[in-house]
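The residues making up each chain are set out below.
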Amino acid sequence: MFPSCSEYARQAMEKHGPVIGLIMAFDRLQRCGRDTVALSGTIIKKGTPLAYDPVEFNDFWWFEKDKKR
Amino acid sequence: MINPDRILPVIVLATVIAVLLQVPLFAREQLVINADMQYDWAQKNLDEKDFNTSLIEFKRFIHFFPGDARVPKARFQTGICLYHLKRFHEAAKVFNAVILAGTDMGLKNQSVLMQSAAFHRMGNLGYAKLVLINYSKLTRDESMKNKIYSALCDLHVASFKGTNKEELKDARKNLLKISDKDAKAYEVRQRLLALDQALASPEKNPVLSGILSIIPGAGFFYCERYQDALVAFLLNTGLIYAAYESFDQGNEALGGVVAFVETGFYSGNIYGAVTAAHRHNFETKIRILGRSFTPFSKADIEDKAWMIGLTTTF
């Protein structure tokens, strides 16, 4: 999956702080490589197709990035 | 006998005079570029999609022939070049200048639509809509109004982020404003049908999903994510049991560590189930809308790829 779970955790904690970021990281670890792969679109990174599951796809329902502009 | 000291100055003087008078020995063919040639050259480059060259040549045309009747069109074309070069902010400013000049209604109308498109490509959907809304109140041209309503419908659909269903309702309202004579051209019926189906599509309740997740995996199961549900159930019940056994056997340190990890996974299970409900609802609607709308600029593809199963390459 892209980004990798460790990178996802880093981005989530950077964006939302340690508490929410850690919760999102644990959520990602439970989901990694299962239904999310089938439901997500694919991106090609260095010739390898990967399921695309960034932080933005998992916080869109409560986090508005426009407020941060 | 010829004196070289007297001949040399004469030769030099003759050469200088010849150059100054452009004696045929040193004469060259001259090319005078007029306004038509300059404009045609700029347009040719635009037609061949050489936007960099076309931009420069149209600017050259405007500079050297400021009184030519085609200057407003040339200015508009520089905006087109900037748009295609992805310099959207500059393009928006150029189109704004053409709108304010307002000499040619056709150009003005095109500039309004292009300015809105430039703002959209910049990711500023608010301004993209505002430009169109303002102009719809100023123009009396029915066909232009219909174009604006259709574009606004697309922008509202593009603004839909999953929880703001008002955008879909606003898209619907704009579609209904399109006059009957252009209804077929803008596929009003099909798009209305897609919007109605999207708004009426069955939804998963995120609150219910979160409450069900008190039993690990139940929220995912409700959202039809059966693999995630199984993993969440096994992982969480396993860790809860491990923490219980650790404390029961007096191993507080291990019990504490396991409990801490389990707290993370349990919270993640609840958060994931709520997110899964939202994603289910959003995905369902986008799949329905994707059949009748192409509101996504390339700039949106990264955002929407997962919704409509596209493959993107970075």
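Keep in mind that this is a model prediction, so the values were computed, not measured.

**Some remarks on the interface of chain A and chain B**
Of the residues lining the interface, 28 residues belong to chain A; the matching set on chain B comes to 38 residues. Between chain A and chain B, a total of about 2,900 Å² is buried, with carbon and sulfur atoms accounting for 60% of that surface. In terms of surface lost to chain B, no three residues of chain A exceed Gln30, Phe60 and Trp61 of chain A, which account for 25% of the buried area on that side. When the shortest N-O distance is used, the salt bridge between Arg279 of chain B and Asp53 of chain A registers 3.0 Å. Counting residues per element, the ones that place at least two in the side of chain A that touches chain B are helix H1 (5-31), helix H2 (35-39), strand E1 (42-45) and helix H3 (56-59) of chain A. The greatest single-element share of the side of chain A that touches chain B, amounting to eight residues, is contributed by H1 of chain A. Class assignment for the residues of the side of chain A that touches chain B results in 13 nonpolar, six polar and nine charged.

**A word on helix H2 (residues 35-47) of chain B**
Residues and elements named next belong to chain B. The end-to-end C-alpha distance of H2, which contains 13 residues, comes to 18 Å, matching closely the 18 Å that a straight helix rising 1.5 Å per residue would cover. Restricting attention to buried positions, one finds in H2 the residues Ala35, Gln38, Tyr39, Ala42, Gln43, Asn45 and Leu46. An end-on view of H2 places all buried positions within 160 degrees of arc, on one side of the element. On its buried face, H2 is in contact with helix H3 (51-64) and helix H4 (71-84). Of the residues that open H2, the one with a side-chain oxygen 3.2 Å from the backbone nitrogen of Asp36 is Asn34. Following H2 by one or two positions, Lys49 adopts a phi angle in the positive range, close to 65 degrees.

**Re the pattern of salt bridges**
Following the criterion strictly, the structure yields 23 salt bridges over all chains and no others. One salt bridge connects Lys181 of chain B with Asp182 of chain B, and the closest N-O pair in it is separated by 3.5 Å. Since its relative accessible area comes to 55%, Lys181 of chain B is described here as exposed. Salt bridges sharing common partners tie together Asp27, Arg28, Arg31 and Asp53 of chain A together with Arg279 of chain B.

**Re the packing of aromatic side chains**
Inspection of every chain in the model, using the stated rule, returns 14 aromatic pairs over all chains. Seen from their ring centres, Trp62 of chain A and Phe63 of chain A are 5.9 Å apart, and the 70 degrees between their planes marks the pair as edge-to-face. The exposure class of Trp62 of chain A is partly exposed, given its relative accessible area of 36%. On the basis of an interplanar angle of 90 degrees and a centroid distance of 5.3 Å, the ring pair of Phe160 of chain B and Phe282 of chain B is categorised as edge-to-face. Separated by 122 residues along the polypeptide, Phe160 of chain B in the loop between helix H8 (142-159) and helix H9 (166-177) and Phe282 of chain B in helix H14 (residues 252-290) bring together distant segments of the chain. Using a relative accessible area of 5% as the deciding quantity, one classes Phe282 of chain B as buried.

**Some thoughts on the confidence of the model for chain A**
Do not read the predicted coordinates in detail wherever pLDDT is low. Per-residue pLDDT for chain A has a mean of 85; in total, 93% of the residues score no lower than 70. H1 of chain A holds the highest mean pLDDT among the elements of chain A, 94, whereas H2 of chain A holds the lowest, 80.

**Remarks on the environment of Tyr83 of chain B**
Residues and elements named next belong to chain B. Of note, Tyr83 is situated in helix H4. For the pair Tyr83 and Ala117, spaced 34 residues apart in sequence, the C-alpha separation works out to 9.0 Å. The residues contacting Tyr83, other than those within four sequence positions of it, are Phe88, Ala91, Met114, Ala117, Ala118 and Arg121.

The rules we used
- Residues numbered from 1 in each chain as written.
- Chains lettered and ligands numbered in written order.
- Predicted model: local features only at pLDDT ≥ 70, side-chain atom pairs only at ≥ 80, totals over all residues.
- Heavy atoms only, no water.
- Contact = heavy atoms within 4.5 Å.
- Buried area = accessible area lost by both parts, 1.4 Å probe.
- Salt bridge = Lys/Arg side-chain N within 4 Å of Asp/Glu carboxyl O.
- Helix = DSSP H or I, 4+ residues; strand = E, 2+ residues; numbered from the N terminus.
- Nonpolar A, V, L, I, M, F, W, Y, C, P; charged D, E, K, R; others polar.
- Expected span 1.5 Å × (residues − 1).
- Buried < 20%, exposed > 50% of the residue type's maximum accessible area, 1.4 Å probe, protein only.
- Arc of directions from axis to C-beta.
- Polar contact = N/O pair within 3.5 Å; in protein donor to acceptor, adjacent residues only side chain to side chain.
- Phe/Tyr/Trp six-rings, centres within 6.5 Å; stacked < 30°, edge-to-face > 60°.
- pLDDT = per-residue confidence, 0-100.

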